[in-house]
Protein chains: 2
Amino acid sequence: MAKITPRTLSGFMELLPAPQQQLERMMDILRKTYALYGFTPLDTPVIEASEVLLAKGGGETEKQIYRFQKGDADLALRFDLTVPLAKYVALHGGDLSFPFRRYQIGKVYRGERAQRGRFREFYQADIDIIGDGKLDIANEAEIPSIIYQTFTRLGLKRFQIRVNNRKILNGFYAMLGLTEQSGDIMRTVDKLDKIGPDKVRGLLTGELGLTEEAAGDILRFIAITGSNQEVLTALEGYRGRNEVFDAGLTELETVVKYLAAFGVPEENFAVDLTIARGLDYYTGTVYETTLLDHPEIGSVCSGGRYDNLAEYYTDRQLPGVGISIGLTRLFYVLGEQGMLNPQLPTAPADVLILPMTAELTPAIQLSTRLRAAGVRTQLYTEQKKFKAKMNYADKIGVPYVVFLGDDEVSAGVVACKDMVSGEQTTLPFDETLQRIREGLALREQGSVIVE
Amino acid sequence: MAKITPRTLSGFMELLPAPQQQLERMMDILRKTYALYGFTPLDTPVIEASEVLLAKGGGETEKQIYRFQKGDADLALRFDLTVPLAKYVALHGGDLSFPFRRYQIGKVYRGERAQRGRFREFYQADIDIIGDGKLDIANEAEIPSIIYQTFTRLGLKRFQIRVNNRKILNGFYAMLGLTEQSGDIMRTVDKLDKIGPDKVRGLLTGELGLTEEAAGDILRFIAITGSNQEVLTALEGYRGRNEVFDAGLTELETVVKYLAAFGVPEENFAVDLTIARGLDYYTGTVYETTLLDHPEIGSVCSGGRYDNLAEYYTDRQLPGVGISIGLTRLFYVLGEQGMLNPQLPTAPADVLILPMTAELTPAIQLSTRLRAAGVRTQLYTEQKKFKAKMNYADKIGVPYVVFLGDDEVSAGVVACKDMVSGEQTTLPFDETLQRIREGLALREQGSVIVE
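By convention here, each chain's residues receive numbers from 1 onward along its written sequence. Here chains are named by letter from A upward and ligands by number from 1 upward, in the order in which they appear as written. Residues qualify for local features only when their pLDDT is at least 70, as the model is predicted, and side-chain atom pairs are given and counted only at 80 or more; totals for whole chains, interfaces and linings, by contrast, use all residues. With hydrogens and water set aside, each side-chain value is computed from the structure's full complement of heavy atoms.

Draft legend 1. Representation of the domain arrangement of chain A in the model. Where each domain begins and ends follows an automated or database-derived domain assignment. What the domain assignment reports for chain A is domain 1 (26-323) and domain 2 (351-443). A C-alpha centroid distance of 51 Å is found between domain 1 of chain A and domain 2 of chain A.

In structure tokens form, the structure reads like this:
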């Protein structure tokens, strides 16, 4: 028979079992951490009507989207989890309670140019808090604590949550009489990290046609750095000249004030006036998160406050605040950097039973007992030489191998080999179980990410 | 601004938060149970090259598949998890260890005619054990124990795993000289439950042109019922007339023999000679699982043994055994039948904190402490009347509400209301935490499914 060559599409991550276990562990931590903060899981379809997904329209989205006909229907695959959330809240709003807090971890699709480390199918892990008409500033203060907790539980230490407020930026540009150009200015200033202050100044006075004075004011403003308190104090010097600025500063002060109570250490948080986020729909606090030792990766968790989640679907005003982790890319980058802990178990089972008797009943009974005790157990029943069986155990990386021959069965004991230390014990079931449990608990102690 | 009407496509399940929590709980049980048996999680792309997905080609699949062009690429959405597994094993076989045991819970797509209870996007939850060249019969005996454990952990009691062996059927039809028609005969016999023996006889002698004698032999054969031992004894009466039959009977006897050791009670398991499974690729043991009180639902977990997983991609012989649960449909049917336990918590949080002070620091600190203790906590900071806040707590179904006013803060206590009993306590943090933990443990005791 002629064969079809098996292949996986370029830009689609397909992992071998061991790295898949690492990714599952990360997802599990994200789910649990998000749930700890009172977010409910949602799952929306991957396919939506194109009209619904493209309600906002325009730009890169339309070029990258996977869109197709099925019968009469014009369909598309979701390219993020925000538009489906907007649709969900607009559609089911009457059945929801506000503030509505949801998390969603799901695949999204963008037909980008294939490139190393760029994915066309990738997981996003989002949380959003949606208010009905209003949403208290305390929610914006809570977000950094969720980012902090998530990355800490993953095992990261050297990361920084960088926070700004769009009202401060908008207010500042209004002071300079540059409101209409503020979008372009912010996009330019956003490049500061990448191209440096001189090139930013060049773009401001060149492309954007600002005066030297205005460009100087802007560069002085975004050069305000120091401890959070120092930055806030410097910003207080601008107070009283613009209402929007003043409101933004008060919000930022509130966010900073509650940090410690939310359990976020000062070293993992920085007020950073260069953060603007490209998207036009952010209106208040904005967030980026960078790995201090890997600035080249860029932000691994971004988001912010917006005033109108679902304006394309409903007149109902739905302000919110949310963040998104590009999980597939993060996982890829961590792997590239050698930051995924190789010590954590990735085997499909904790125990592999090798029956040494033709009649399998005792081995099967043992597997049933171990599973009832919560131990992930595989029964190996293939007719192979002993060496081949041990090779299999090595290859899957199972921590314990249990041998069960006639001697053990008649003596009521279990022979159990620790595959790392090589130590082998012959003990009754309960003692073997205890040894296995203790060993597994030790193995589980590390974090997913190591720096 | 003109609005786009928000809508979700017909045939796509989109749940409100409470039922979504119920579905998540089911998925969590499936993941944990599959893992307990030594299966490793896999995640393959939703999109594959059409050529790869349609390697087998033909039939309903081709009509129902979501297929489209993106640039030059001819792409399609997976319609099951078996074809992607075949591709995966053929592609990555050199990096895998055999027997290779994987589970996958993922969405698949079929553009079926829209119909109540039929979904175009739905979850399948599959396990498969793949051998390299050979696979021991003990694996076929283990499968019923996984089905049993899965449904038992979900809370079902009145279900039956029905098992047969295709070799017994093929051997039997060979005895009658009906090998070439055996496929058609099995598909007809498969309808026995739905249309009864007389109509099956009519189809056999009519459409298929069998003699009355052959039809009588077939109906007598599939009428063999009774306890597993009685059925096996009756089958022994046919032994010695056909090699394939004899091999199948020996396999079936092995499967039945190991049942008890695998922890499967006799009442949840039945040898059933009418089970054939429509698919041609099953070659040994086949499985169906029915809910005894809801036979109209049909099989909720089916599968079997096959000889050649990946024959369209590779010459390597990869026999296997697997089962699949149509999770979305099962969830839908359970909901329709009122079998989803309404007692289990579905709130986004365990505790809702209502701060009664303008300064939020004490309330935020309390939320941080509760979260550090593993309690899912939401902080409610919106400016609303007390009654509106309590309405919110009622609506999201949160089990505990904690009030924190100046009095509680200065006394170092916490006021906590049990939203079901209405009982309110004012106690130090540790005692409140203990009360909450005990209450939550009680609430978690039920199973997802109730009969």
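Past the structure itself, the notes keep going.
Draft legend 2. Seen up close, the interface of chain B and chain A. In this analysis, two residues are considered to be in contact whenever any of their non-hydrogen atoms come within 4.5 Å of each other. Taken together, the 104 residues of chain B in the interface contact 104 residues of chain A. Buried area: the accessible surface (1.4 Å probe) lost by two parts on joining, summed over both. Here chain B meets chain A over a buried area of about 8700 Å², counting both sides, of which 57% is carbon and sulfur. Any carboxyl oxygen of Asp or Glu within 4 Å of a side-chain nitrogen of Lys or Arg constitutes a salt bridge here. The tally of links from chain B across to chain A stands at 12 salt bridges. Here the side of chain B that touches chain A gets 7 residues from one element, more than from any other, and that element is helix α1 (residues 17-36) of chain B. Secondary structure counts use DSSP, requiring at least four H or I residues in a row for a helix and at least two E residues in a row for a strand, with both numbered from the N terminus.

Draft legend 3. Main features of the environment of E438 of chain B. Positionally, E438 of chain B belongs in helix α16 (residues 429-443). Distance from E438 of chain B to D406 of chain B, taken between C-alpha atoms, is 27 Å for residues 32 residues apart in sequence.

Draft legend 4. Layout of the side chain of R162 of chain A. All names here are of chain A. Along the chain, R162 turns up in strand β7 (residues 159-165). Under the scheme applied here, a residue whose accessible area is under 20% of the maximum for its type counts as buried, over 50% as exposed, and between as partly exposed, the area being computed with a 1.4 Å probe on protein chains only. With relative accessibility at 11%, the residue R162 sits in the buried group. Counting of polar contacts relies on pairs of N or O atoms within 3.5 Å, with two restrictions inside protein: one atom must be capable of donating a hydrogen and the other of accepting it, and residues adjacent in sequence are counted only when both atoms are side-chain atoms. For R162, the side chain forms a polar contact with the side chain of D272, separated by 2.8 Å. Among all residues touching R162, those that are not within four sequence positions of it are D193, A270, D272, T274, I275, V286, Y287, E288 and T290.

Draft legend 5. View of unusual backbone geometry. In this structure, the amide linkage connecting F98 of chain A to the following residue, P99 of chain A, adopts the cis form with an omega of 0 degrees. Within the secondary structure layout, P99 of chain A lies in the loop between α4 (82-92) and β5 (100-109).

Draft legend 6. Layout of the UniProt feature "binding site: L-histidine" (unreviewed entry) in chain A. All names here are of chain A. UniProt positions are given in the numbering used here, feature names are shortened, and annotations may be inferred rather than shown by experiment. Sequence positions flagged by UniProt for "binding site: L-histidine" (unreviewed entry) are, in local numbering, D80, L81, T82, R110, Q124, D128, R277, Y281 and Y282. Mapped onto the elements of the fold, T82 is located in helix α4. Leave out the neighbours within four places in its chain, and T82 touches D126, Y281 and L309. Inspection of the secondary structure assignment puts D128 in strand β6 (residues 121-130). The buried category is assigned to D128, whose relative accessible area is 4%. Beyond its immediate stretch of four places on either side in the chain, D128 contacts F39, L85, F100, R101, R102, Y306, V321 and G322.

Draft legend 7. Spatial organisation of the packing of helix α8 (residues 192-205) of chain B against helix α9 (residues 212-222) of chain B. All names here are of chain B. Here α8 crosses α9 at 160 degrees, and the two axes come no closer than 8 Å. One finds that α8 runs roughly antiparallel with respect to α9. The element α8 and its partner α9 pack so that their crossing is right-handed. Each of L192, P197, V200, R201, L204 and T205 in α8 lies in contact with α9, whose residues at this interface are E212, A215, G216, I218, L219 and I222. Split into classes, the residues belonging to the contact of α8 with α9 amount to 8 nonpolar, 2 polar and 2 charged. Working convention: axes come from line fits to C-alpha atoms, limited for helices to the stretch in contact. Angles between N-to-C directions cover 0 to 180 degrees. Orientation labels follow simple angle bins: below 35 degrees gives roughly parallel, above 145 gives roughly antiparallel, 65 to 115 gives roughly perpendicular, and whatever is left gives oblique. Left-handed describes a crossing in which the near helix is turned anticlockwise from the far one by less than a right angle; the clockwise case is right-handed. Charged means Asp, Glu, Lys or Arg here, nonpolar means Ala, Val, Leu, Ile, Met, Phe, Trp, Tyr, Cys or Pro, and polar covers whatever is left, Gly included.

Draft legend 8. Quick look at the sheet that holds strand β2 (residues 47-49) of chain A. Residue and element names in this part refer to chain A. Taken together, 3 strands build an open sheet; the order of strands is β2-β4-β3 and the sheet is antiparallel. Looking at which strands have only one partner, the edges of the open sheet turn out to be β2 and β3 (67-70). Each strand axis lies, on average, 40 degrees off the axis of its neighbour in the sheet, ignoring direction. Strand pairing is defined by DSSP finding a minimum of two bridges between the two strands. Where β3 meets strand β4 (residues 73-77), 4 bridges bridge the pair, whose relative direction is antiparallel. Directly across from F68, in β4, lies its bridge partner L75.

Draft legend 9. Representation of the sheet that holds strand β13 (residues 377-379) of chain B in the model. Residues and elements named next belong to chain B. What the 5 strands build is an open sheet, ordered β13-β12-β14-β15-β16; its pairing is mixed. Strands at the two margins of the open sheet, each flanked by one partner only, are β13 and β16 (424-427). On average, each strand axis in the sheet is inclined to that of its neighbour by 25 degrees, with strand direction left out of account. Summarising the sheet, strand β12 (residues 351-355) and β13 pair through 3 bridges and their orientation is parallel. Looking across to β13, one finds that I353 is bridged to L379. The sheet contacts of helix α14 (residues 386-396) involve β12, β13, β14 (400-404) and β15 (414-418), and relative to β12 the element is tilted by about 175 degrees.

Draft legend 10. Spotlight on the pattern of salt bridges. Taken as a whole and assessed by the stated rule, the structure comprises 61 salt bridges over all chains. E251 of chain B is the salt-bridge partner of K167 of chain B, the closest N and O atoms lying 2.5 Å from each other. Here E251 of chain B lies in helix α11 (residues 243-257) and K167 of chain B lies in helix α6 (residues 166-175), a separation of 84 residues in the sequence. Residue class for E251 of chain B comes out buried when judged on its relative accessible area of 15%. Here the salt bridges share partners, and the residues they tie into one network are E14 of chain A together with E48 and K87 of chain B.

Draft legend 11. Seen up close, the pairing of strand β7 (residues 159-165) of chain B. Residue and element names in this part refer to chain B. In terms of burial, β7 is largely enclosed, as 6 of its 7 residues are buried. With 7 bridges joining them, β7 and strand β9 (residues 282-291) adopt antiparallel strand pairing. Counterpart to Q160 in the pairing with β9 is T290.

Draft legend 12. Spatial organisation of the environment of P265 of chain B. Residue and element names in this part refer to chain B. Inspection of the secondary structure puts P265 in the loop between α11 and β8 (269-271). The exposure class of P265 is partly exposed, given its relative accessible area of 23%. Spatially, the C-alpha atom of P265 lies 20 Å from that of S447, the residues being 182 residues apart in sequence.

Draft legend 13. Just the packing of helix α13 (residues 361-372) of chain B against α16 of chain B, in detail. All names here are of chain B. Across the interface, α13 lies against α16 with an axial gap of 12 Å and an inter-helix angle of 50 degrees. The angle between α13 and α16 falls in the class oblique. Crossing geometry of α13 relative to α16 is assigned as right-handed. Residue-level inspection shows L366, R369 and L370 of α13 in contact with α16, the latter providing F429, D430 and L433. Residue composition of the contact of α13 with α16, grouped by class: 4 nonpolar, no polar and 2 charged.

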